[in-house]
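# Tertiary structure, described
Take a look at the letters that make up each chain.
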Amino acid sequence: ILTQSAAWQAALEVVESKRDTIQAYWRADQYSDIVVTGCGSTYYLSQAVAPLLQKQLGVRARAVPASELLFFPETVVVPGSHPMLLAISRSGHTTETIRATQAFKRQHRGPVITIGCYPEAELVGLSDLALVIHEGQEQSVVQTRSFSAMLLAAQAATALEDASLFERMRALPDLGEQLIATYHDLVKRLGEDRHINRFYFLGSGLQYGLASEINLKMKEMSLSISEAFHFMEFRHGPMSMVNEQTLVVGLLSDTARDYELAVLRQMRALGAQTLALSEQDVSAAEVNQAIVFNSGLPEENRGVLYLPLLQLMGYYRARANGQTPDAPHNLTAVVVL
Ligand code: F1P
């Protein structure tokens, strides 16, 4: 978790080295829409990347778990359409992702782009274009630095049209390190607070997939009760679970920030502790705690900043519970059928 800025640097370099090829794919008129797929963490990454592609490229994009694409392709691909596939997998060996990609290639003529961390992976061999971030490799079963490096690759790839924006993204590795230095104690304290016994992670738009992934980190590392919701959806039922032993974490967007802060205020009034992650300052009257980025980057490009501190919170919670975060209950690094 603490070494991921090196992987972010590498992700930016990989994207830059393939600049022309990536832009050629984005401009291509050979596809009608984009299907984004993966399993587990990389499905949640797909949930973060699909809305980004749709927003930035102006083409319909949808995230589905690889198993759904494999077993129920007719619920994903519209007959007569010519989709492009973006398959994401840290290992490049997960069975559902491989089989879904093979089936996609048999059934459709659209290009296959992949994002991963292992150059020799089977998935790379199935790709027309592979973005491989070797530096994203990690020994832990749960995905942490691999996830953020692959997310950054996707965000950087959609920023290539705007040279000055891409340049500004080069500040992200340093910003990430500064954030960890500033807020490490805060997330350690929250993670170790045994008074808290349920965690909710709220994110909307581009942040929903990130909230889902951080919820998964908390679950797999520490076996805590943890769930992710869209901000406003939380008020339609799930908030019945809120009490004084709840931590509600909000990954604030740029566009719906006022509504999102209102949800956090409401949960605080119901007794929850609240933590906001935000580009701009948040007053202490709004939330109990805030992590402020001050990156100067729009949410389309700063997604990685939401991750390391919340991954750390899951790590400290796991340690406080007596678990080994690198060896989670019932899990293996690669799931093969
Ligand atoms: C997908 C994945 C991981 C999860 C676990 C099992 O792997 O579901 O997200 O943490 O290790 O595999 P991959 O296809 O991204 O390698």
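Residues numbered from 1 in each chain as written. Predicted model: local features only at pLDDT ≥ 70, side-chain atom pairs only at ≥ 80, totals over all residues.

### Things to note about helix α7 (residues 145–157)
Defined as follows: A helix here means a DSSP run of H or I that spans at least four residues, while a strand means a run of E at least two residues long, and both kinds are numbered starting from the N terminus. In a helix, the anticipated span is given by 1.5 Å times the number of residues less one. Once C-beta atoms are placed from the backbone, each residue is buried if 20 or more other C-beta atoms lie within 10 Å of its own, exposed if 12 or fewer, and partly exposed for counts between those two.
If you check α7, its first and last C-alpha atoms are 18 Å apart, about what 13 residues at 1.5 Å a residue would give, namely 18 Å. Burial of α7 is extensive: 13 of the 13 residues sit out of reach of the surface.

### Looking at the sheet that holds strand β5 (residues 129–132)
Selection criterion: Pairing between strands is defined by DSSP: at least two bridges between the two strands are required. For helices, the axis comes from a line fit to the C-alpha atoms of the stretch in contact; other axes are also lines fit to C-alpha atoms, and the angle between any two N-to-C directions lies between 0 and 180 degrees.
Strand order in the open sheet formed by 5 strands is β2-β1-β3-β4-β5, with parallel pairing between adjacent strands. The sheet is open, and its two borders are formed by β2 (61–65) and β5, each paired with just one other strand. Shown here is a sheet whose adjacent strand axes are inclined to one another by a mean of 20°, direction ignored.

### What to know about the sheet that holds strand β10 (residues 289–292)
Condition: Contact between two residues is assigned whenever their backbone-derived C-beta positions fall within 7 Å.
One open sheet holds the 5 strands; their spatial order is β7-β6-β8-β9-β10, and the pairing between them is parallel. Every interior strand has two partners, whereas the edge strands, β7 (225–229) and β10, have only one. Taken pair by pair, the neighbouring strands of this sheet meet at an average axis angle of 15°, ignoring direction. As judged from the 5 bridges shared by strand β8 (residues 246–251) and strand β9 (residues 273–278), these two strands associate in the parallel manner. Bridge assignment links L251 to a residue of β9, and that residue is L277. Where helix α10 (residues 208–222) meets the sheet, its contacts fall on β6 (198–203), β7 and β8, and the angle it forms with β6 comes to roughly 160°.

### Overview of the pairing of β6
Consecutive residues of a regular strand have side chains that alternate between opposite faces of the sheet. Of all 6 residues in β6, 5 are buried, a share of seventy percent or more. Strand direction decides the pairing type here: β6 and β7, joined by 5 bridges, are parallel. In the sheet register, L202 faces β7, and the bridge partner there is F229. Judged from the 6 bridges that link them, β6 and β8 form a sheet pairing that is parallel.

### Some points on the confidence of the model for the chain
So the rule is basically this: As a per-residue measure, pLDDT tells how confident the predictor is, with possible values from 0 to 100.
Of the residues in the chain, 100% reach a pLDDT of 70 or more, and the chain-wide mean stands at 96. The ipTM assigned to the predicted complex is 0.94, against a pTM of 0.97.

### Notes on the UniProt feature "domain: SIS" (unreviewed entry) in the chain
Using the following cut-off: UniProt positions are given in the numbering used here, feature names are shortened, and annotations may be inferred rather than shown by experiment.
Taking the numbering used here, the UniProt-annotated feature "domain: SIS" (unreviewed entry) corresponds to residues 21–167 and 186–328. The straight-line gap between the two end C-alpha atoms of residues 186–328 is 24 Å; of that span, 34% is helix and 19% is strand.

### Remarks on the domain arrangement of the chain
As a reminder of what qualifies: Segmentation of the chain into domains, including their bounds, is taken from an automatic or database domain assignment. Residue polarity follows a fixed list, in which Ala, Val, Leu, Ile, Met, Phe, Trp, Tyr, Cys and Pro are nonpolar, Asp, Glu, Lys and Arg are charged, and the others, Gly among them, are polar.
According to the domain assignment, the chain contains domain 1 (4–169) and domain 2 (172–320). If you average the C-alpha positions of domain 1 and of domain 2, the two centres end up 25 Å apart. Contacts between the two partners involve 25 residues from domain 1 and, on the opposite side, 24 residues from domain 2. Examining the composition of the side of domain 1 that touches domain 2, we find that 9 residues originate from one element, helix α3 (residues 41–57), more than from any other. Grouping the amino acids of the side of domain 1 that touches domain 2 by side-chain chemistry returns 13 nonpolar, 10 polar and 2 charged.

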